[in-house]
Amino acid sequence: DAGITQSPRHKVTETGTPVTLRCHQTENHRYMYWYRQDPGHGLRLIHYSYGVKDTDKGEVSDGYSVSRSKTEDFLLTLESATSSQTSVYFCATQGTTMNTEAFFGQGTRLTVV
Amino acid sequence: DAKTTQPNSMESNEEEPVHLPCNHSTISGTDYIHWYRQLPSQGPEYVIHGLTSNVNNRMASLAIAEDRKSSTLILHRATLRDAAVYYCILRDVGIHSGYALNFGKGTSLLVTP
């Protein structure tokens, strides 16, 4: 299994506070992704990275920012958490060629109260 | 992006084969067909992928129609551990959107003893 670690695994935070989720990989994969998953929806892409300091927006990027200062770490920040950002967040990584499989972390369950 | 259509749910008996269908009538020539599954409370995991020819691996087989407008994921002998949501995803080698996976709602597979 690919070495992908998400932290924290669970978090409860208050509306209006900033929150940072971390994804750490040991596979030296070029591509990293943040998804969110809500009941009744499949996974939706928030942001992705195609290299150190190279990031771009996904389908549901409003209210989120990301940073990737090292190959192994991809941070997702909720600048001012809202209840609509209560969700399960998944990080994923992939190697250089697109016909390799993507590997997913175990998820972070975030509750904004 | 080309879309896929899957049944919302399917049911199978343990130790019997399962055929999970996927329609993708607008598939382009450069779209690969990927399958992922998500076990309860886990991140998605790769199952199989293919372009034109049928594919087999230790987890499953992928049968692709000659016109590529549909495909079928085959689990040869379902176990209780195969109960999951199965996602059929098209991935275009020609689009450099970070190669992110575009998840739909998938098929929820129930396996009964």
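Residues numbered from 1 in each chain as written. Chains lettered and ligands numbered in written order. Predicted model: local features only at pLDDT ≥ 70, side-chain atom pairs only at ≥ 80, totals over all residues. Heavy atoms only, no water.

Chemist: Quick question: what am I supposed to make of the overall build of chain B here?
Modeler: Each helix and strand counted, chain B has 0 helices and 9 strands in total. Helices and strands appear in chain B in the N-to-C order β-β-β-β-β-β-β-β-β. Computed over the C-alpha atoms, the radius of gyration of chain B is 14 Å, within 12% of the 13 Å expected from 2.2 N^0.38 for a compact globule of 113 residues. With respect to the three principal axes, the spread of C-alpha positions in chain B is 45 × 30 × 25 Å. For chain B, the computed accessible surface area is about 5600 Å², with 48% contributed by carbon and sulfur atoms. Looking at charge distribution, chain B has the averaged site of its 9 positive side-chain charges lying 5 Å from that of its 11 negative ones. (Helix = DSSP H or I, 4+ residues; strand = E, 2+ residues; numbered from the N terminus. Rg over C-alpha atoms; globule rule 2.2 N^0.38 Å. Areas by Shrake-Rupley, 256 points an atom, 1.4 Å probe, with all protein chains shown as cover. Lys, Arg positive; Asp, Glu negative; His and termini not counted. Charge placed at Lys NZ, Arg CZ, Asp CG, Glu CD.)

Chemist: Even after reading the chapter, I still don't get the interface of chain A and chain B, so can you show me in this structure?
Modeler: Often, the extent of an interface is quoted as the loss of accessible area on bringing the components together. Taken together, the contacts link 20 residues of chain A with 23 residues of chain B. Counting the surface lost from both chain A and chain B, the interface buries some 1800 Å², and carbon and sulfur atoms represent 56% of this. Counting across the chain A and chain B interface gives 0 salt bridges. Put simply, the parts of the chain that give the side of chain A that touches chain B at least two residues each are strand S4 (31-37), strand S5 (43-51) and strand S9 (87-94) of chain A. Of all the elements, S4(A) adds the most residues to the side of chain A that touches chain B, at 4 residues. Its residues placed into classes, the side of chain A that touches chain B shows 10 nonpolar, 9 polar and 1 charged. (Contact = heavy atoms within 4.5 Å. Buried area = accessible area lost by both parts, 1.4 Å probe. Salt bridge = Lys/Arg side-chain N within 4 Å of Asp/Glu carboxyl O. Nonpolar A, V, L, I, M, F, W, Y, C, P; charged D, E, K, R; others polar.)

Chemist: Explain the packing of aromatic side chains to me, please; I cannot follow it from the model alone.
Modeler: A ring pair, where both rings are aromatic, is described by two values, the distance of the centres and the angle of the planes. Enumeration over the complete set of coordinates arrives at 11 aromatic pairs over all chains. For the pair A:Tyr33 and A:Tyr35, a centre-to-centre distance of 6.2 Å together with 40° between the ring planes defines the contact as tilted. Taking relative accessible area as the criterion, A:Tyr35 reaches 1% and is therefore assigned buried. With a centroid separation of 5.7 Å and 90° between ring planes, the pair formed by A:Tyr35 and B:Phe103 is classed as edge-to-face. You can see A:Tyr35 sitting in strand S4 and its partner B:Phe103 sitting in the loop between strand S8 (84-92) and strand S9 (107-112), one on each of two chains. For the pair A:Tyr35 and B:Phe103, a shared accessibility class is recorded, and that class is buried. Among the aromatic residues, ring-to-ring pairing joins A:Tyr33, A:Tyr35, A:Tyr48, A:Tyr50, A:Phe104, B:Tyr36, B:Tyr46, B:Tyr87 and B:Phe103 into one connected group. (Phe/Tyr/Trp six-rings, centres within 6.5 Å; stacked < 30°, edge-to-face > 60°. Buried < 20%, exposed > 50% of the residue type's maximum accessible area, 1.4 Å probe, protein only.)

Chemist: I tried to follow the pairing of S8(B) on my own but got confused; where do I start?
Modeler: Residues in a regular strand point their side chains to alternate faces of the sheet. All names here are of chain B. A large share of S8 lies buried, amounting to 8 of its 9 residues. Taken together, the 8 bridges between strand S3 (residues 31-38) and S8 define a ladder with antiparallel strand orientation. Across the sheet, the residue bridging to Trp-35 is Cys-88, located in S8. Note: S8 against S9, 3 bridges, orientation antiparallel. In the strand pairing of S9, Ala-84 is matched with Leu-109. (Pairing = 2+ DSSP bridges.)

Chemist: Teacher, can you tell me more about the nonpolar core here?
Modeler: Among soluble globular proteins, nonpolar side chains are generally buried collectively. Residues and elements named next belong to chain B. Membership of the largest hydrophobic core comes to 21 residues, with the highest contact counts inside it found for Leu-20, Ile-33, Trp-35, Leu-73, Leu-75, Tyr-86 and Leu-109. Elements with a contribution of two residues or more to this core: strand S2 (18-23), S3, strand S4 (45-50), strand S6 (61-64), strand S7 (70-75), S8 and S9. In terms of residue count, the dominant contributor to this core is S8 (4 residues). If we ignore the near neighbours within four places in the chain, the residues touching Leu-75 are Glu-16, Pro-17, Val-18, Met-59, Ala-60, Asp-82, Tyr-86 and Leu-109. (Core = buried A, V, L, I, M, F, W, Y, C linked by side-chain atoms within 4.5 Å.)

Chemist: Help me out: how do you make sense of the sheet that holds strand S3 (residues 19-25) of chain A in this one?
Modeler: Hydrogen bonds along the backbone pair up the strands of a sheet, which may run parallel or antiparallel. All names here are of chain A. Here we have 4 strands laid out as an open sheet, ordered S1-S3-S8-S7, and antiparallel in their pairing. Whereas interior strands pair on both sides, the edge strands pair on one side only; in this sheet they are strand S1 (4-7) and strand S7 (64-70). With direction set aside, neighbouring strand axes in the sheet form an average angle of 15°. (Axes fitted to C-alpha atoms, helices over the stretch in contact; angles between N-to-C directions.)

Chemist: Which parts of the structure should I look at to understand the sheet that holds strand S5 (residues 55-56) of chain B?
Modeler: All names here are of chain B. Reading across the sheet, the 4 strands line up as S2-S7-S6-S5 and stay open at both edges, with antiparallel pairing between neighbours. Of all the strands in the sheet, just S2 and S5 have a single pairing partner and so form its edges. Both S6 and S7 contribute to a ladder of 4 bridges, which runs antiparallel. Bridge pairing in S7 places Ile-64 opposite Ser-71.

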